[in-house]
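Residues per chain are reported as follows:
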Amino acid sequence: MNTILILLLPFLFGSCKKDDENPYKDSKYDFSSVDRFIDENLEVYQNQVTVLVSQNGEVIYRKEVNLGINSPRMIASASKWLSGAVIMKLVDEKKLSLDDTVGKFLPAFTENHKGQITIRQLFSHTSGFEGDLEEPGEFSDKYEYQKDLTLAQAVDSIAVHTPLVHSPGSAFSYGSASMQVAGRIAELVSGKSWQALFDEKIGGPCRMRAVYSFNGPNPLIAGGVRTTARDYLNFLEMIVNGGTFEGTSVLSAEALTQMIKDQTRGAEIIATPYPANPFSEYGNTGLRYGIGNWLDVVDNSGNVIESSSPGMFGTHPWQDSKHKAAGIIFTRTKPKESQATSLQIRQMIRDIIDAGGK
């Protein structure tokens, strides 16, 4: 090697070392504190996590630890938000109304004295069915989880055998049976299978591959999706962008208003996995629910600043309407182990964006 070049190498590398140690030198925001926090808390994510955040459609933060943004995982209850979007698309198309009753589409529910439940109640955990977190009753067969049934057969079984344990609209009890019923109604009014309906109405327009792979012919509407962090972020960017993704209209402004609005209507909270967000600056107690998502950062005037749809395996998507930001923490961990850490990551990102950059 040329002697002069050898002598210059330390100076060449030394001159850029400081900049190379700061990956945010060309960024509007400095997320180095978030990097450090994630590194310090990798154990709660079982050393596998991706965090991906965008603002106005541009990725502003990306961190991958033993898990890539294009690596598919089951996302459990983060599926609820996607399923809620399908329902709201059918509302946009006037094939459904949130105030339609189940009995209008499924006579078996009327015959079994459950026909008065509304679509709104089905998707806001206020239908009156026993929630997944309540003490199992005598007739808790959980037909929505049974793999030897079709979606139609599971819902027929719910109509006949699954009792109402609360009056519809009176109690919030987090569960999956009611969303299974809504999924079957969506199939009936559209004439399509649930997966085909999702692909056409939400997945395709959002350039998102999300497969309801759990349960085979009985897709778990409330929790059966397998997808990637990058694909899910496309969906969140559509939400933040007022229902449009890359110039394509997916949902109307009114549909989004209804989705990110309290649909529980004062129902008593009986059973919830998510009692409050301790990292909300507004100190809200008793979180409320929209259509498939939690309203977990709400200002003192009742305006929803952020909403989310965490799943039991740790996947944690959210949208921040104030800052036009969308984010997802993508992982596979033990139930409930990572929730507080993920909420703190959200707070740190929110505070950095709120500060307006460096």
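What counts and how
Counting restarts for each chain: residues are numbered from 1 in the order of the written sequence. Residue-level local features of this predicted model are given only where pLDDT is at least 70; pairs of side-chain atoms are given and counted only at 80 or more, and the full residue set underlies all totals for whole chains, interfaces and linings. Derived side-chain values reflect all non-hydrogen atoms in the structure, with water molecules and hydrogen atoms excluded from consideration. Secondary structure is summarised from DSSP: a helix means a run of H or I of at least four residues, a strand means a run of E of at least two, and numbering begins at the N terminus for each. The classification of residues rests on relative accessible area computed with a 1.4 Å probe and restricted to protein chains. Under 20% of the type maximum is buried, over 50% is exposed, and intermediate values are partly exposed. By the convention used here, residues are in contact when the closest approach between their heavy atoms is within 4.5 Å. Calculation of accessible area relied on Shrake-Rupley with a 1.4 Å probe; when residues are assessed, cover is drawn exclusively from the protein chains displayed. In this count, Lys and Arg are taken as positive residues and Asp and Glu as negative ones, while His and the chain termini are left out. To locate a charge, the coordinates of NZ of Lys, CZ of Arg, CG of Asp or CD of Glu are taken. The criterion is simple. A nonpolar core is a set of buried Ala, Val, Leu, Ile, Met, Phe, Trp, Tyr and Cys residues joined through side-chain atoms within 4.5 Å. Every case where a carboxyl oxygen of Asp or Glu lies within 4 Å of a side-chain nitrogen of Lys or Arg is listed as a salt bridge.

### Let's talk about the overall build of the protein chain
Line of reasoning, step 1. Helix and strand counts for the protein chain come out as 11 helices and 14 strands.
Line of reasoning, step 2. Overall, the C-alpha framework of the protein chain stretches about 90 × 40 × 40 Å when taken along its three principal axes.
Line of reasoning, step 3. Buried positions account for 54% of the 358 residues belonging to the protein chain.
Line of reasoning, step 4. Taking the contacts inside the protein chain whose residues are at least 6 apart along the sequence as the reference set, 67% of them involve residues at least 24 apart.
Line of reasoning, step 5. For the protein chain, the accessible area works out to roughly 15400 Å², and carbon and sulfur atoms hold 50% of it.
Line of reasoning, step 6. The average position of the 35 basic charges and that of the 42 acidic charges among the side chains of the protein chain differ by 4 Å.

### Comments concerning the nonpolar core
Line of reasoning, step 1. Membership of the largest hydrophobic core comes to 77 residues, with the highest contact counts inside it found for Leu82, Tyr232 and Phe235.
Line of reasoning, step 2. A total of 8 residues in this core trace back to one element, the largest contributor, which is helix H9 (residues 229-240).
Line of reasoning, step 3. Apart from residues lying up to four places away in sequence, phenylalanine 235 is in contact with Trp81, Leu82, Ala85, Ile202, Cys206 and Met208.
Line of reasoning, step 4. Residues Val49, Tyr61, Val65 and Ile345 belong to the second largest nonpolar core, which totals 23 residues.

### Examining the environment of lysine 261
Line of reasoning, step 1. As for its placement among the helices and strands, lysine 261 is situated in the loop between helix H10 (253-259) and strand S9 (268-271).
Line of reasoning, step 2. Look at lysine 261 and you get partly exposed, because its relative accessible area is 40%.
Line of reasoning, step 3. Sequence-wise, lysine 261 and tyrosine 289 are 28 residues apart; in three dimensions their C-alpha atoms are separated by 7.3 Å.
Line of reasoning, step 4. Look past the residues within four positions of lysine 261 in its chain and what remains in contact with it is Tyr289, Gly290 and Leu295.

### Describing the pattern of salt bridges
Line of reasoning, step 1. Summed over all chains, the structure comprises 17 salt bridges.
Line of reasoning, step 2. Of the charged contacts, one joins aspartate 39 and lysine 63 as a salt bridge, the two residues approaching to 3.1 Å between their closest N and O atoms. Taken together, the residues aspartate 39 in helix H2 (residues 32-40) and lysine 63 in strand S2 (residues 58-65) connect sequence positions 24 residues apart.
Line of reasoning, step 3. Under the relative-accessibility criterion, aspartate 39 is labelled partly exposed at 42%.
Line of reasoning, step 4. You can call lysine 63 buried: its relative accessible area is 15%.
Line of reasoning, step 5. In this structure, aspartate 99 and arginine 120 form a salt bridge, with 3.0 Å as the shortest nitrogen-oxygen distance. In this pair, aspartate 99 is assigned in the loop between helix H3 (79-92) and helix H4 (107-111) and arginine 120 in helix H5 (residues 119-122), connecting sequence segments 21 residues apart.
Line of reasoning, step 6. Among the residues examined, arginine 120 registers a relative accessible area of 8% and is labelled buried.
Line of reasoning, step 7. Because the salt bridges share partners, they merge into one network encompassing Glu93, Lys95, Lys192, Glu200 and Lys201.

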